[in-house]
Amino acid sequence: ETGVTQSPTHLIKTRGQQVTLRCSSQSGHNTVSWYQQALGQGPQFIFQYYREEENGRGNFPPRFSGLQFPNYSSELNVNALELDDSALYLCASSLDAGKRAEAFFGQGTRLTVV
Amino acid sequence: KQEVTQIPAALSVPEGENLVLNCSFTDSAIYNLQWFRQDPGKGLTSLLLIQSSQREQTSGRLNASLDKSSGRSTLYIAASQPGDSATYLCAVPYGQNFVFGPGTRLSVLP
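All chains use their own residue numbering, which begins from 1 and follows the written sequence. Just so you know, chain letters begin at A and ligand numbers begin at 1, following the order they were written in. Totals for whole chains, interfaces and linings use all residues, but because this is a predicted model, local features are given only for residues with pLDDT of at least 70 and pairs of side-chain atoms are given and counted only at 80 or more. Working from all heavy atoms in the structure, the side-chain values ignore hydrogens and water.

Chemist: Quick rundown of the interface of chain A and chain B? Include the residues and the values.
Modeler: In this analysis, two residues are considered to be in contact whenever any of their non-hydrogen atoms come within 4.5 Å of each other. In this assembly, 23 residues from chain A lie in contact with 22 residues from chain B. One speaks of a salt bridge when a side-chain nitrogen belonging to Lys or Arg is within 4 Å of a carboxyl oxygen belonging to Asp or Glu. There are zero salt bridges connecting chain A and chain B. Any pair of N or O atoms that falls within 3.5 Å is considered a polar contact. Within protein, one atom must be able to donate a hydrogen and the other to accept it, and sequence-neighbouring residues count only if both atoms are side-chain atoms. Taken together, chain A and chain B are joined by five residue pairs in polar contact (both at pLDDT 80 or more). Every element with two or more residues in the side of chain A that touches chain B is listed here: strand 4 (31–37), strand 5 (44–50), strand 6 (53–57) and strand 9 (87–94) of chain A. Numbered from the N terminus, helices here are DSSP runs of H or I no shorter than four residues, and strands are runs of E no shorter than two.

Next comes the structure, spelled out in structure tokens:
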């Protein structure tokens with residue numbers, strides 16, 4: 001059973017650029033959620049994908065977008081990067097979108113916007 | 001709206017001590033509560049999941065309790081070790097996502 005993997009682990013981008021972060025869900029999991037974690041704070045929900053459809057979204061602007069593929073892996077895309085987008089981005093997968101499902105997180109992608 | 005708080009924000013203890021971390025949530029209509037560990041700059045490692053029908057869950061030196069009616073959960077760590085140093089977060093499902101507390105930063109001194 002493979003865990004949740006994210007790539008890349010670190011990256012540096014310039015303000016105004018676009019970035020794509022990737023997540024491979026745990027084997028058998030059809031639900032992927034993305035979170036943003038600023039330094040010293042708890043993770044904040046960006047959005048969730050369930051069976052390739054967006055299944056909920058947090059308070060993030062439309063320049064944060066995502067995809068889920070037939071193998072349930074997922075991408076997070078951020079356009080027009082701002083300095084405040086610098087954070088740790090976490091991906092979580094779960095067996096389904098139900099509220100009783102346990103979530104398993106990846107190691108995160110550290111994004112720095114300069 | 002669900003809000004989750006954790007106290008203390010930070011804790012420093014000598015090795016071997018037993019300690020308690022606290023988590024509070026405002027909406028008691030939860031399905032479960034999950035405790036996570038986070039090492040600096042790393043992802044979240046799931047420690048314990050307590051379903052709403054359970055009162056306690058144990059894994060090794062960790063024991064988590066849940067009191068839905070009072071909106072509280074505690075994580076008890078027995079015989080703390082320097083390797084336990086990390087940030088501990090609790091989270092509850094709300095809508096399609098988890099709502100996290102800000103975490104307790106634990107330092108166990110050798």
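Back to the text.
Chemist: Residue-level account of the packing of aromatic side chains, with values.
Modeler: Each aromatic ring pair is specified by the distance between its two centres and by the angle formed by the two planes. A pair of Phe, Tyr and Trp rings is counted when the ring centres sit within 6.5 Å of each other, with Trp represented by its six-membered ring. The angle between the planes then sorts it: under 30 degrees is stacked, over 60 is edge-to-face, the rest tilted. The full count for this structure, using the stated rule, is nine aromatic pairs over all chains. Geometrically, the ring pair formed by A:Y35 and A:F105 is tilted, given 5.7 Å between the ring centres and 50° between the ring planes. In this pair, A:Y35 sits in strand 4 while A:F105 sits in strand 10 (residues 104–105), placing the two residues 70 residues apart along the sequence. Like A:F105, A:Y35 is buried. Ring centres of B:F36 and B:F100 lie 5.8 Å apart, and the angle between their planes is 45°; this geometry places the pair in the tilted category. Of the two residues, B:F36 is situated in strand 4 (residues 32–38) and B:F100 in strand 10 (residues 97–100); the sequence distance between them amounts to 64 residues. Classification of B:F36 as buried rests on a relative accessible area of 0%. Type-normalised accessible area, obtained with a 1.4 Å probe on protein chains alone, sets the label of each residue: buried when under 20%, exposed when over 50%, and partly exposed for intermediate values.

Chemist: Break down the sheet that holds strand 3 (residues 19–24) of chain A for me, citing the residues and quoting the values.
Modeler: Residue and element names in this part refer to chain A. Note: two strands are recorded as paired if DSSP finds a minimum of 2 bridges between them. Strand order in this open sheet of four strands is 1-3-8-7, and the pairing throughout is antiparallel. Strands at the two margins of the open sheet, each flanked by one partner only, are strand 1 (5–7) and strand 7 (64–68). Each strand of the sheet is rotated relative to its neighbour by a mean of 20°, with strand direction disregarded. Of the pairings in the sheet, the one linking strand 7 to strand 8 (residues 74–78) comprises five bridges and is antiparallel in character. Within the sheet, the bridge partner assigned to S65 lies in strand 8 and is N77. Here an angle of 0 to 180 degrees is reported between the N-to-C directions of two axes, which are lines fitted to C-alpha atoms, with helices fitted over the stretch in contact.

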